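What follows is each chain in one-letter form.
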Amino acid sequence: MIKAGLYVRISKNDPLNESIENQKEILRNYCITKNIFDYEIFCDNGYSGTNFERPEFKKMFEKIKSGVINTVIVKDFSRLGRDYIETGNFIEKVFPRYNVRCISILDGYDSYDELNDYMPFKFILNDMYSKDISKKIRSSLENKKKQGLYLGSKAPYGYDKFNKYYLVLNNECHIVKFIFNLFIDNINANKIAKILTNLNILSPNGNKRWSCKTIKDILANPVYTGDLVQGKRKRISYKCRKIVNVCKENFIVCKCNHPMIIDYNTWDTVQKKLIINKKEKLYFKYKDMLWCKECNKKINILYNYKRGHAFTSCSSYRNKRICTPHYFNYNEIEKRINDEKDIEKIYIDKDKNIQIKRSN
């Protein structure tokens, strides 16, 4: 008893004659001529043939493994897949393992007959076609980027998309200026986020609450100078969907491409402040050893970047306003301990007295 899976697929880059309905009609007509009436159609619309991570194909394959489907019919092998290694593996190993008959109508292939010697070459040709299409698409996108056409799916905050590829100012551009001016006035990103939230200004995501990260992303985006920077990331290959970062030297930059919101002097000032404010990971010799003598909770080590020194603070006071602050210059602690060894804990009381507990 034949239970057939009619598989159809089309990607965004396939020619018009590879329509879903066209494929379905060819498969149905074939089933009529071969008296196959028990079948189910599986359709992956908009999925590439370079890999088999497709929802409908997976659904069909699960039914193959459970024994529900014993025949797979496609218009041609390019619909099944364009990766010649993976496609060949399914045709020659996977389907036979599950006793599944495979039929490719336009290729004149039926696995019940002897395997045609030219089939591996057919798989390679399909793979080469996919590679060629990928190169053409990449080349086309790169040319558009070099022409200054914006290819992002959503316009940056402060801009709208016009005629699909062009950036024009919107009413939010004043908020962008406001953010840059606040930062220049020594108001940090976290406080700016709170100010915008309190003013009930919607964030780029449409939320009422702004985040520190959103502010920093805006401050570090060169699009507001009128320069368009694209090509920061790329896919490894047409077969691998993994995205990797591109070297800064290879970014595609179009100067004075669209209306600016921020002038270059303001931009340079903000970038210098961002670098200065970027916190480095600091090493503290007695980190995780400081404890409060009163509440027996951990004492944190904090760093004041404006004054350039580290200080301590009781975690109970900091989190719940219990105990006392225990503010103490951390450098003084190191001096008073004098590099003693085998220290397990260092207790500090509210009068800044130090008591050492040794590990032995």
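Here, the structure is the one placed above.
Just so it is clear, the model here is predicted, and its values are computed rather than measured.

Definitions and cut-offs
Residues numbered from 1 in each chain as written. Predicted model: local features only at pLDDT ≥ 70, side-chain atom pairs only at ≥ 80, totals over all residues. Heavy atoms only, no water. Salt bridge = Lys/Arg side-chain N within 4 Å of Asp/Glu carboxyl O. Buried < 20%, exposed > 50% of the residue type's maximum accessible area, 1.4 Å probe, protein only. Pairing = 2+ DSSP bridges. Helix = DSSP H or I, 4+ residues; strand = E, 2+ residues; numbered from the N terminus. Contact = heavy atoms within 4.5 Å. Axes fitted to C-alpha atoms, helices over the stretch in contact; angles between N-to-C directions.

Attention now goes to the pattern of salt bridges. Scanning all chains against the criterion turns up twelve salt bridges. Among the ionic pairs, K75 bridges to D76, the shortest N-O distance being 3.6 Å. Classification of D76 as buried rests on a relative accessible area of 9%. With a shortest N-O distance of 3.9 Å, E344 and K357 are connected by a salt bridge.

Strand order in the open sheet made by the five strands is β2-β1-β3-β4-β5, with mixed pairing throughout. Edge positions in the sheet fall to β2 (39–45) and β5 (109–110), since each of these pairs with one other strand and no more. Where strand β1 (residues 4–10) meets strand β3 (residues 71–74), three bridges bridge the pair, whose relative direction is parallel. Pairing of A4 across the sheet is with T71, part of β3. In this fold helix α1 (residues 20–33) packs onto β1, β2, β3 and β4 (101–104), with an angle of close to 160° to the strand it touches most, β1. On top of the sheet, helix α2 (residues 55–65) reaches β1, β2 and β3; it is set at about 150° to β2, its chief contact.

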